[in-house]
Amino acid sequence: MTRYIVRRLLSLPLLLLGIVSIAFLISHFTQGDPLSSIVSERQMDDEQAVAAAKARWGLDKSLPEQYLVYVGNLLTGDLGTSFRTKQPVSQDLLERLPATLELVIAAMLFGSTTGIALGVVAARFRDRTIDHAARLWALTGSSAPVFWSGLILLYIFSVVLGWLPGPGRLDARMSPPDGVTGFLTIDALLAGDMALFWDAVHHLILPALVLGWTVMGIVSRLVRASMLDVLNQDYIVAARARGAGELRVLLNHALRNALVPTLTIIGFTFAYLITGAVLTEAIFSWTGIGSYAVDAARSLDYPAIMGVTIVGGAAFLLTNLITDIAYAFADPRIRLS
Amino acid sequence: MSDVPALPRIRVRQWPAWLKLPVLVGIAIIAFWIVACLTIDLWPIYDPIDMVGRRLQPPSADHWFGTDALGRDVLSRTLHGARFSLMMSCAVIVCAVLIGSAIGAVAGYVGGIVDGALMRLVDITLSFPPILLAMAVTAAMGPGLENAALAMVIVWWPVYARLMRGQVLSIRSREHVEAATAAGAGHARTLVKHILPLSWSPILINATMDFGQVVLLTASLSFIGLGASPPTPEWGSMISEGAIHFYQWWICSGPGIAILSVVLGFNFLGDGLRDLLDPRSK
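Conventions and cut-offs
Residues numbered from 1 in each chain as written. Chains lettered and ligands numbered in written order. Predicted model: local features only at pLDDT ≥ 70, side-chain atom pairs only at ≥ 80, totals over all residues. Heavy atoms only, no water. Helix = DSSP H or I, 4+ residues; strand = E, 2+ residues; numbered from the N terminus. Areas by Shrake-Rupley, 256 points an atom, 1.4 Å probe, with all protein chains shown as cover. Lys, Arg positive; Asp, Glu negative; His and termini not counted. Charge placed at Lys NZ, Arg CZ, Asp CG, Glu CD. Axes fitted to C-alpha atoms, helices over the stretch in contact; angles between N-to-C directions. Left-handed = near helix turned anticlockwise from the far one by under 90°. Core = buried A, V, L, I, M, F, W, Y, C linked by side-chain atoms within 4.5 Å. Buried < 20%, exposed > 50% of the residue type's maximum accessible area, 1.4 Å probe, protein only. Contact = heavy atoms within 4.5 Å. Buried area = accessible area lost by both parts, 1.4 Å probe. Salt bridge = Lys/Arg side-chain N within 4 Å of Asp/Glu carboxyl O. Polar contact = N/O pair within 3.5 Å; in protein donor to acceptor, adjacent residues only side chain to side chain. pLDDT = per-residue confidence, 0-100. Patch = residues over 30% accessible without salt bridge, like charges linked within 9 Å, V, L, I, M, F, W, Y side chains within 5 Å. Parallel < 35°, antiparallel > 145°, perpendicular 65-115°, else oblique. Nonpolar A, V, L, I, M, F, W, Y, C, P; charged D, E, K, R; others polar.

## Considering the overall build of chain A
Looking only at helices and strands, chain A features 13 helices and zero strands. Order of helices (α) and strands (β) in chain A, N terminus to C terminus: α-α-α-α-α-α-α-α-α-α-α-α-α. The principal-axis extents of the C-alpha atoms in chain A amount to approximately 85 × 55 × 35 Å. Total accessible area on chain A stands at roughly 16500 Å², and carbon and sulfur atoms take up 64% of it. Charge separation in chain A, taken as the distance between the mean sites of 25 positive and 26 negative side-chain charges, equals 14 Å.

This is how it looks when you write it as structure tokens:
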């Protein structure tokens, strides 16, 4: 086990370096001139700003030296300065991280619980109408573009029915609670402001639903398959023979074992969640990293785009690593191969 | 032998097991869009770029999917959009499969340092969330459909490289390959004649499944504003126009339903192909 973890940990810095190298390559070819990936068009005439940027990123040096400067800057957390917000990109990202985490966690909770329930029901009623309906529902979730399903749900629940608020994280008339965690829901609870808490929760529902729907499809598919595997095994027959109730057999005996393989897809769904979060945040004016990336791409704010890409890649690597290690704990066969 | 009476040939016509209802639905959807792509100019529908009605009209007998902010027919734009979305996705998948499989096949066959280096490149590329890498590459090269397509090939080739390498590795050690080598077949011949013909089925299944994802990513990039630019009737950019006129839900719904149908269709077909070509997976 330790050897497995050490081996995986050792490959991490190499992969990170790879990510940074690709980022360097991309920014080097930006618009045919690396300078345009650091200095905005408006500032290009400003000789002082150009000289300062050149010195900071070592653009007057040779290519290998430029690469070293680039890696060095990233290592110290310097992702450049956003053209749009005029702030360091790393600061922008830190400010916006809690919003994205809040959304992704809510979506993950919603998507995995409903996905597991759907998978169990589908496996129990295998090949019946309810199984087919569950599969179609789940498949629709992972096939519909979130930037469309988000718009339609927003229209139905916010405009037609008026049950839920429109885009944003809070009602415009409310002021956000003191930032302790940056999660509006938790901060509102900490501040003891229930009205604020409910408003934040109401704003969270639709985007979490839209984003969670994409995860639900993947989770329910996998839970169904592994439930079917487990339900055929002798110990389930034995449990039934001993007179255990159907619900007890399904949840206590079968699901517990069927959930192990589901662990693996947490890392896998993270890729979906990031893709989904970028677009969901754009639709719901959610001030997280996703909408930051979209705004950056729309205004060709290169330092911000590259910053999000590097940080997103690193986060993706880490979640994959954590998932693999968790899975190796749960299933010894993995670490032996 | 000629005096042996010919046995009456009994043909049992049986419905193929893999051709289930969802698969048929998938095939029907894909066939519809392919026909639409090829013959759209002949259809009796409005022009996709001209102003053909009043602005922002809800669906009616004249305009089944309503009209958009410039008085253009949403149905016609959606159908014409298939050309951009599907042909581009098709080009992306074909390029990614060809480049990826070629690299994967060479890596798997040659092994050693070449394999190590190529597979690290694959690992690194795959460690980016696809949409972020595609956004960064497209933005760096300059927004536009061609650059978006190129970016998506960069995102997708590693998937096929990894897949093909695995195939080649498992087939390379089989006896018929050893026999071919023993009979004096060169490396190129062994790879092309004896290994590749056996390794295409998972690639085909994956490519079919991925097609929907490529359509989604194409539309996403256009939605963000990095792909097609107006007035091109591309699904993603149409939805982004629809997002501005949010109360006119029909503007984004035509292209939204189109994307959903294509992605579902390819998922259904991919499931069917897997049942047909890879029975072990059941």
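## Digging into the packing of helix α4 (residues 89-124) of chain A against helix α8 (residues 194-231) of chain A
At a closest axis distance of 5 Å, the pairing of α4 of chain A and α8 of chain A adopts a crossing angle of 35°. Considering only the axes of α4 of chain A and α8 of chain A, their crossing is right-handed.

## Points about the nonpolar core
Formed by 132 residues in total, the largest nonpolar core has its most connected members in Trp33, Leu86, Met135, Ile224 and Trp235 of chain B. Looking at which element gives the most residues to this core, the answer is helix α7 (residues 187-224) of chain B, with 13 residues. When sequence neighbours within four positions are dropped, the list of residues in contact with Trp33 of chain B reads Thr78, Leu79, Ala82, Leu86, Trp235, Ala258, Ser261 and Val262 of chain B. Among the nonpolar cores identified, the runner-up in size contains 29 residues, and Leu211, Val230, Ala239 and Ile265 of chain A belong to it.

## Remarks on the interface of chain A and chain B
Taken residue by residue, the interface counts 44 residues in chain A and 43 residues in chain B. Area buried by chain A at its contact with chain B is led by Phe147, Trp148 and Tyr155 of chain A, which between them contribute 16% of it. Here chain A and chain B share one salt bridge between them. A salt bridge links Arg221 of chain A to Asp271 of chain B, with the nearest nitrogen and oxygen atoms 2.9 Å apart. The interface formed by chain A and chain B contains six residue pairs in polar contact (both at pLDDT 80 or more). When residues of the side of chain A that touches chain B are traced back to their parent elements, those giving at least two are α1 (2-28), α5 (129-143), α6 (146-160), α10 (246-283), α11 (289-298) and α12 (302-330) of chain A.

## Let's talk about the pattern of salt bridges
On inspection of all chains with the given rule, the structure shows 16 salt bridges over all chains. Between Asp41 of chain B and Arg83 of chain B there is a salt bridge whose closest N-O contact spans 3.4 Å. On the criterion of sequence distance, the pair formed by Asp41 of chain B in the loop between α1 (21-39) and α2 (74-110) and Arg83 of chain B in helix α2 is long-range, its members being 42 residues apart. The partly exposed category is assigned to Arg83 of chain B, whose relative accessible area is 27%. When the shortest N-O distance is used, the salt bridge between Glu241 of chain B and Arg72 of chain B registers 3.2 Å. Of this pair, Glu241 of chain B sits in helix α8 (residues 235-244) while Arg72 of chain B sits in the loop between α1 and α2, and the two are 169 residues apart along the sequence. Here the residues in one salt-bridge network are Arg124, Arg240 and Glu246 of chain A, joined through shared partners.

## Looking at the confidence of the model for chain B
The pLDDT averaged across chain B works out to 86; a share of 98% of its residues lies at or above 70. For this predicted complex, the interface score ipTM comes out at 0.87, alongside a pTM of 0.87.

## Digging into a nonpolar patch on the surface
All names here are of chain A. On the surface, a nonpolar cluster with roughly 460 Å² of combined accessible area is contributed by Leu94, Leu97, Leu101, Ile105 and Leu109. Tracing the sequence through the fold places Leu101 in helix α4. Given a relative accessible area of 37%, Leu101 falls into the partly exposed group.

## What to know about the side chain of Ser143 of chain A
With respect to the helices and strands, the residue Ser143 of chain A is situated in helix α5. Judged by its relative accessible area of 0%, Ser143 of chain A falls in the buried class. A polar contact of 3.3 Å, which involves the side chain of Ser143 of chain A, links it to the side chain of Asn267 of chain B.

## Thoughts on α8 of chain B
In terms of residue burial, α8 of chain B counts as a mostly covered element, since seven of its 10 residues are buried. Along α8 of chain B, the residues classified as buried are Trp235, Gly236, Ser237, Met238, Ile239, Glu241 and Gly242 of chain B. Buried residues along α8 of chain B sit in contact with α6 of chain A together with α1, α2, α7 and α9 (250-277) of chain B. For α8 of chain B, the N-terminal capping position is held by Glu234 of chain B, with its side-chain oxygen 2.7 Å away from the main-chain nitrogen of Gly236 of chain B.

## Some points on the packing of α2 of chain B against helix α3 (residues 112-126) of chain B
Residues and elements named next belong to chain B. At a minimum axis distance of 7 Å, the contact between α2 and α3 shows a crossing angle of 140°. Here α2 is positioned oblique relative to α3, judged by the angle of their axes. For the crossing formed where α2 meets α3, the hand is left-handed. Judged by residue contacts, Ile103, Ala107, Gly108 and Val110 of α2 engage Gly112, Val114, Asp115, Leu118 and Met119 from α3. Looking at the contact of α2 with α3 residue by residue, the classes come out as six nonpolar, two polar and one charged.

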